Amino acid sequence: MTQLERAGNGEITKEVMTAAGEEGVDARTLAGLVAAGKAVIPANANRQCRIVGIGGGLRTKVNASIGTSTSIADAAMEVEKARIAEKYGADTLMDLSVGGDIAGIRRAVMNEVRLPVGTVPLYEAFALAIEKYGAAVKMPEELLFEVTERQCEEGVGFMAIHCGINRKTVEMLRRQHYRYGGLVSKGGSYMVAWMEHNGRENPLYEHFDRVVSILRKHDTVLSLGNGFRAGAIHDSTDRVQIQELLINCELAETGRSAGCQTMVEGPGHIPINEIEANIIMEKKMSGGSPFYMLGPITTDIAPGYDHITAAIGAALSSSYGADFICYVTPSEHLGLPYPGDVREGVIAARIAAHVGDMIKHRKTDADKAMGKARRDMLWDEQFRLAIDPERAIEIKGRRDGQTQKGDPHSCTMCGRFCANDMLRGMFEKDMTGSDKK
Ligand code: SF4
């Protein structure tokens, strides 16, 4: 039985206890949210991994995506990227490999880290079709289900599956004269090409009950993929994207009713004033399924800095109620990320998730403590509280030789004009007994 079914039966599983304990929330409350489909716990019994709850009432989680391309398929580098993602605090990892020995790389990554690992099984199925039949559009339907089942058996914790694409939506895409930015989801564009070539319905939509039954059997969380996400700001929140969101929300309810844990993905490139509406729609139409935000990227003109364009969108998303953020690295739109890019992406997304949680969950204790540590120039405490202590220690350290002679506390930002030093000790008696600091 899945976590959803067990919670529905009134059981408080050890996974619920662990996830609740990690976040200091009541286990009974979390079990209620899992039972209602408002929170999910990737807990595939075929792999022991860290237990992470995603959804209502919980800290916003961060996913780091790694994976080979057909141009660079370096298994050792992907394992290194996985290690870096875990080290810098990603909550989950997705292996999106499409090049090299896809299954071997996935197993190596899953052996390396304790994080729940997600995949897009469509990628491996299309890659196998190219290898065996010479073209992705020649993929036999059955291969899709076989690959999905095999990945579940290996212990994949969650899967992005593009069930929300159907022939009606493809027709809508044609009627709205395609898009400025085209289709940028690999799963989306390959599935549409397959459907057009074969004149057939998307098997993942047509046989949704089969998808659900495979994932339910292994308690792999179904993440309803965003194949029609906008890849350009100009295309955001168009009819096609919203139609897919609507279908995914319906499917989330259907999957949940069949006992499968589900979440919904969205929305890609989007201006900041449309983010809240997307979240409201997803939450209302899906009955509160966790929302897995890809990015979202908030301007198209900052290549090289898309970890920042996405972090801006992610912070707003988290504050409006998104539950799960997929990081973006500085390499986005430019090339396959290197290990250093993974660190930048994870930290940017963690900052964004925290900024959102400060509003959504009023999680401000660490910020309050940091303010005091800065006032009192307690550097070790500042490093302890930092999202990336390593970076803070490194920057402080490289300037330490230039601080004021005889003043080990100050820093080179202001030198002897240190504002904190100037007032040290003057107001301490006024601060006792009040929280108005
Ligand atoms: S020198 Fe300036 S930046 Fe550094 S601790 Fe003092 S006030 Fe803060």
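No experiment lies behind these values; they were computed from the predicted model shown.

Calculation criteria
- Residues numbered from 1 in each chain as written.
- Predicted model: local features only at pLDDT ≥ 70, side-chain atom pairs only at ≥ 80, totals over all residues.
- Helix = DSSP H or I, 4+ residues; strand = E, 2+ residues; numbered from the N terminus.
- Rg over C-alpha atoms; globule rule 2.2 N^0.38 Å.
- Buried ≥ 20, exposed ≤ 12 C-beta atoms within 10 Å, placed from the backbone.
- Contact = placed C-beta atoms within 7 Å.
- Near = placed C-beta within 6 Å.
- Nonpolar A, V, L, I, M, F, W, Y, C, P; charged D, E, K, R; others polar.
- Core = buried A, V, L, I, M, F, W, Y, C linked by C-beta atoms within 7 Å.
- Pairing = 2+ DSSP bridges.
- Axes fitted to C-alpha atoms, helices over the stretch in contact; angles between N-to-C directions.
- Right-handed = clockwise from strand over helix to strand, strands pointing away.
- Domains from an automatic or database assignment.
- Parallel < 35°, antiparallel > 145°, perpendicular 65-115°, else oblique.
- Left-handed = near helix turned anticlockwise from the far one by under 90°.
- Arc of directions from axis to C-beta.

Asks: Before we move on, could you go through the overall build of the protein chain and cite the residues and values that matter?
Replies: The number of helices and strands found in the protein chain is 19 helices and ten strands. Computed over C-alpha atoms, the radius of gyration of the protein chain comes to 23 Å, within 12% of the 22 Å expected from 2.2 N^0.38 for 437 residues, which places it in the range of a compact globule. With respect to the three principal axes, the spread of C-alpha positions in the protein chain is 75 × 50 × 40 Å. Looking at the protein chain as a whole, 46% of its 437 residues qualify as buried.

Asks: Tell me about the environment of Leu183, residues and numbers included.
Replies: The topology assignment puts Leu183 in the loop between helix 8 (167-175) and helix 9 (186-198). Given 23 C-beta atoms within 10 Å, Leu183 falls into the buried group. For Leu183 and Gly227, which are 44 residues apart along the polypeptide, the C-alpha to C-alpha distance reads 7.8 Å. Beyond its immediate sequence surroundings of up to four residues, Leu183 is in contact with Gly188, Ser189, Val192, Phe228 and Gly231.

Asks: Could you give me a rundown of the site of the ligand, with the residues and numbers involved?
Replies: As a matter of local geometry, the ligand sits amid Met377, Ser410, Cys411, Met413, Cys414, Cys418, Ala419 and Asn420. The residue makeup of the shell around the ligand, split by class, is six nonpolar, two polar and no charged.

Asks: Could you give an account of unusual backbone geometry, with specific residues and numbers?
Replies: Looking along the chain, the bond that leaves Gly295 and enters Pro296 is cis, with omega of -5°. Non-glycine residue Tyr178 carries a positive phi angle of around 60°. Tracing the backbone shows Tyr178 in the loop between helix 8 and helix 9. Positive phi, normally seen in glycine, also occurs at Met377, with a value near 55°. Residue Met377 is classed as partly exposed on the basis of its C-beta count, with 17 C-beta atoms lying within 10 Å.

Asks: Kindly report on the nonpolar core, identifying the contributing residues and their values.
Replies: Membership of the largest hydrophobic core comes to 107 residues, with the highest contact counts inside it found for Val34, Ala85, Leu93, Ile325, Val346 and Ala349. The greatest single-element share of this core, amounting to eight residues, is contributed by helix 15 (residues 339-360). Ignoring sequence-local partners within four residues, the contact set of Ala349 consists of Val62, Ala311, Ala314, Ile325 and Tyr327.

Asks: Could you give an account of the sheet that holds strand 3 (residues 61-66), naming the residues involved and the relevant values?
Replies: If you trace the eight strands once around the closed barrel, you get 3-4-5-6-7-8-9-10, paired in parallel fashion. Sheet twist, expressed as the mean angle between neighbouring strand axes with direction ignored, is 25°.

Asks: So what's going on with the pairing of strand 7 (residues 221-224)? Which residues, and what values?
Replies: By the alternation rule, side chains of strand 7 split into Val221 and Ser223 and Leu222 and Leu224, which are all buried. Where strand 6 (residues 158-161) meets strand 7, four bridges bridge the pair, whose relative direction is parallel. Pairing of Phe158 across the sheet is with Val221, part of strand 7. The pairing of strand 7 with strand 8 (residues 262-269) spans three bridges and is parallel. Looking at the pairing, Leu224 lines up with Val264 of strand 8. The β-α-β motif built from strand 7, the intervening helix 12 (residues 239-257) and the parallel element strand 8 has right-handed crossover chirality.

Asks: Describe the environment of Asn9, naming the residues involved and giving the relevant values.
Replies: Secondary-structure assignment places Asn9 in the loop between helix 1 (3-8) and helix 2 (14-23). The exposure class assigned to Asn9 is exposed, which follows from the 9 C-beta atoms found within 10 Å. In this structure the C-alpha to C-alpha distance between Asn9 and Cys152, which are 143 residues apart in sequence, comes to 24 Å.

Asks: Outline the domain arrangement of the protein chain, supporting the account with residue identities and numerical values.
Replies: For the protein chain, the domain assignment lists domain 1 (41-360) and domain 2 (365-430). A straight line from the C-alpha centre of domain 1 to that of domain 2 covers 40 Å.

Asks: Talk me through the packing of helix 8 against helix 12; I want residue IDs and the actual numbers.
Replies: Relative orientation of the contacting elements helix 8 and helix 12 amounts to 165°, with a least axis distance of 9 Å. By the angle between their directions, the pair helix 8 and helix 12 is classed as roughly antiparallel. Of the two possible hands of crossing, helix 8 and helix 12 adopt the one that is right-handed. Of the residues in helix 12, those touching helix 8 at Thr169, Met172 and Leu173 are Arg239, Val240, Gln243 and Glu244. Its residues placed into classes, the contact of helix 8 with helix 12 shows three nonpolar, two polar and two charged.

Asks: Quick rundown of the environment of Glu124? Include the residues and the values.
Replies: Of note, Glu124 is situated in helix 6 (residues 121-133). Put simply, Glu124 and Asp101 are 23 residues apart on the chain and 9.7 Å apart in space, counted from C-alpha to C-alpha. Apart from the residues lying within four places of it in its own chain, the contact partners of Glu124 are Ile102, Ala103 and Val147.

Asks: So what's going on with the pairing of strand 3? Which residues, and what values?
Replies: In terms of burial, strand 3 is a largely internal element, six of the six residues being buried. Residues Lys61, Asn63 and Ser65 of strand 3 are buried on one face, and the alternating residues Val62, Ala64 and Ile66, pointing to the opposite face, are buried as well. In terms of handedness, the path from strand 3 via helix 4 (residues 75-87) over to strand 4 (residues 92-95) forms a crossover that is right-handed.

Asks: Run through helix 2, naming residues and quoting values.
Replies: Every buried residue of helix 2 is listed here: Glu15, Val16, Ala19 and Ala20. Each buried residue of helix 2 lies within a common arc of 125° when the element is viewed along its axis, so the set occupies one face. The exposed set on the far side of helix 2, more than 90 degrees from its buried face, consists of Lys14 and Gly21. Tucked into the core, helix 2 has its buried residues touching helix 1 and helix 3 (27-35). Two residues or fewer after helix 2 comes Gly24, characterised by a positive phi angle close to 65°.

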